[in-house]
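# Structure at a glance
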Amino acid sequence: MMCLKNCVAAMALVIAPAVSFAWPWNNDMANQISVKPQEGPEAVRQYPQHSVPAAGTRTVRVADMDAANKMVNPNRATPASIANGKRMYQIYCETCHGASGQGDGPVGAKLVLKPYDLTADKVQKELPEGYIFGYVTLGGAIMPSYANDLYPSERWDLINYIRHALKSEKPVAVGVK
Ligand code: HEC
């Protein structure tokens, strides 16, 4: 009987925090009034009266692949855009998709699902550019999402590089002479 009393007391001590504080508490810090990635300040408060939008970086929400497919590349494929896209590709994509774009990067080689060939006609010609934008933004089954790593404009530059230079350039892996 004594044990039962002690055991119940011990159990109550264990359960108490779960009852008195909102469970689970591991995401308490995230559940607060703060601007989350991809959210504008309107989530917190309204824009002041008479305020005007300022030029600069913008967050772009992409609801799903259907919405992404309809998006149009706002960045022209200028040499500067392609060069910036190449820089982004080397930093973020080459490890998996390879310098050649064919999915033969060192990390890609270790994956069960091989990274798709970005030089294939499907990616080069058939898919809308918005599809690639959506894929980079939302990620795939294995491929991570790059919504928080790359500004929308950097993602469009990346697409200009993939569509206008990746296949025609002679691949040179970063750091390899
Ligand atoms: C961790 C490895 C990895 C990285 C890094 C990566 N990808 Fe992928 N990618 C994949 C894999 C694996 C697939 C195949 C499908 C999937 O996982 O959803 C894929 C698929 C794709 C597709 C779909 C192609 C199609 O035919 O439908 C596109 C487009 C793409 N990647 C572009 C990129 C770009 C651009 C970057 C750099 C920002 C990038 N990926 C970075 C692994 C990666």
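Further up the page is the structure itself.
Throughout this description, residue numbers start from 1 for each chain and increase along the sequence as written. Owing to the predicted nature of the model, reporting of local features is limited to residues with pLDDT of at least 70; listing and counting of side-chain atom pairs is limited to 80 or more, with chain, interface and lining totals taken over all residues. The side-chain numbers reported here are obtained from all heavy atoms of the structure, hydrogens and water having been left aside.

### Topic: the environment of Lys110
Every helix listed is a DSSP run of H or I at least four residues long, and every strand listed is a run of E at least two residues long, numbered separately from the N terminus. Summarising the element assignment, Lys110 is placed in the loop between α3 (79-97) and α4 (121-126). Separated by 14 residues in sequence, Lys110 and Cys96 have C-alpha atoms that sit 9.0 Å apart.

### Notes on a nonpolar patch on the surface
For patch detection, residues must exceed 30% relative accessible area and be free of salt bridges, and they are connected within 9 Å for like charges or within 5 Å for nonpolar side chains (Val, Leu, Ile, Met, Phe, Trp, Tyr). Here the Shrake-Rupley method, with its probe set to 1.4 Å, supplies the accessible areas, and only the displayed protein chains count as covering residues. Note on definitions: salt bridges are taken to be side-chain nitrogens of Lys or Arg within 4 Å of carboxyl oxygens of Asp or Glu. A cluster of nonpolar side chains, contributed by Leu113, Tyr116 and Ile142, occupies part of the molecular surface with about 280 Å² of accessible area. Along the chain, the position of Tyr116 falls in the loop between α3 and α4. A relative accessible area of 47% means that Tyr116 is categorised as partly exposed. Three labels apply to residues, based on accessible area from a 1.4 Å probe with only protein chains included: buried if under 20% of the type maximum, exposed if over 50%, partly exposed otherwise in between.

### Remarks on the packing of aromatic side chains
Stacked, tilted and edge-to-face are the three classes applied to pairs of Phe, Tyr and Trp rings, where Trp contributes its six-membered ring and a pair requires centres within 6.5 Å; stacked means planes under 30 degrees apart, edge-to-face means over 60, and tilted covers the rest. All chains considered together, the criterion is met by four aromatic pairs. Aromatic pair Tyr89 and Tyr161: ring centres 5.5 Å apart, planes at 50 degrees, arrangement tilted. Of this pair, Tyr89 sits in helix α3 while Tyr161 is found in helix α6 (residues 152-166), placing the two residues 72 residues apart along the sequence. Between Phe133 and Trp156 the ring centres are 4.1 Å apart and the planes differ by 10 degrees, which places this aromatic pair in the stacked class.

### With respect to the coordination of the iron atom of the ligand
Protein-derived coordination of the iron atom of the ligand comes from His97 (NE2) and Met143 (SD), at a distance range of 2.0 to 2.1 Å. A relative accessible area of 25% places Met143 in the partly exposed class. Metal donors were taken as nitrogen, oxygen and sulfur atoms no farther than 2.8 Å from the ion, or 3.2 Å where the ion is Na, K or Ca. Water is excluded, so coordination may look unfinished.

### A few points about the pattern of salt bridges
If charged atoms from side chains of opposite charge come close, those side chains can pair. As enumerated under the stated definition, the model contains two salt bridges in all. A salt bridge links Lys86 to Glu169; its shortest N-O distance comes to 3.3 Å. On the criterion of sequence distance, the pair formed by Lys86 in helix α3 and Glu169 in the segment after α6 is long-range, its members being 83 residues apart. A relative accessible area of 28% places Lys86 in the partly exposed class.

### Notes on α3
Because each turn of an α-helix spans 3.6 residues, side chains separated by three or four positions in sequence point in the same direction. A helix is expected to span 1.5 Å multiplied by its residue count minus one. Taking 1.5 Å of rise per residue, the 19 residues of α3 would be expected to cover 27 Å, yet its terminal C-alpha atoms sit only 22 Å apart, more than 12% below that figure. Ile91 marks the point of greatest bend in α3, at about 50 degrees. Buried within α3 are the following residues: Ser81, Ile82, Gly85, Met88, Tyr89, Cys93, Glu94 and His97. One or two steps after α3, the chain reaches Gly98, where phi turns positive at roughly 80 degrees. The bend reported for a residue corresponds to the angle between axes fitted to the seven residues ending at that residue and the seven starting there.

### Some points on the nonpolar core
Here is a general trend for soluble globular proteins: nonpolar side chains tend to be buried in one another's company. Working definition of a nonpolar core: buried Ala, Val, Leu, Ile, Met, Phe, Trp, Tyr and Cys residues. They are joined through side-chain atoms within 4.5 Å. Within the largest apolar cluster, 22 residues are counted, with the highest numbers of intra-cluster contacts made by Tyr89, Leu158 and Ile162. Secondary-structure elements contributing two or more residues to this core are α3, α5 (129-138) and α6. For Leu158, the contacting residues outside a window of four places in its chain are Gly85, Met88, Tyr89, Cys93, Val136 and Leu150. Note on definitions: a residue-residue contact is assigned when non-hydrogen atoms from the two residues lie within 4.5 Å.

### Re the packing of α5 against α6
At a minimum axis separation of 10 Å, α5 and α6 run at an interaxial angle of 125 degrees. When the interaxial angle is binned, α5 and α6 end up oblique. Crossing handedness for the pair α5 and α6: right-handed. For the pair α5 and α6, the contacting residues are Glu129, Gly130, Ile132, Phe133, Val136 and Thr137 in the first and Pro152, Arg155, Trp156, Leu158, Ile159, Asn160, Ile162, Arg163 and His164 in the second. Taken together, the residues that form the contact of α5 with α6 break down as eight nonpolar, four polar and three charged. The angle between two axes is taken between their N-to-C directions and runs from 0 to 180 degrees, where each axis is a line fitted to C-alpha atoms and a helix contributes only its stretch in contact. Here the angle decides the label: under 35 degrees means roughly parallel, over 145 means roughly antiparallel, 65 to 115 means roughly perpendicular, and every other value means oblique. Two helices crossing with the near one rotated counterclockwise from the far one by less than a right angle form a left-handed crossing, whereas a clockwise rotation gives a right-handed crossing. The nonpolar class holds Ala, Val, Leu, Ile, Met, Phe, Trp, Tyr, Cys and Pro. Asp, Glu, Lys and Arg form the charged class, and all remaining residues, Gly among them, are polar.

### Some words on the site of the ligand
Close to the ligand lie 24 residues, the nearest being Cys93, Cys96, His97, Tyr135 and Met143. For this analysis, a polar contact is any N or O atom pair within 3.5 Å, provided that within protein one partner can donate a hydrogen and the other can accept it, and provided that sequence-adjacent residues contribute only side-chain to side-chain pairs. Here His97 contributes a side-chain N or O atom positioned 2.7 Å from a nitrogen atom of the ligand. In the model, an oxygen atom of the ligand is placed 2.7 Å from a nitrogen or oxygen of the Ala141 main chain. Of all elements in the fold, only α3, α4, α5 and α6 reach the threshold of two or more residues within the shell around the ligand. For the shell around the ligand, the leading source of residues is α3, giving five residues. In these notes, residues near a molecule or strand are those with any non-hydrogen atom within 4 Å of it.

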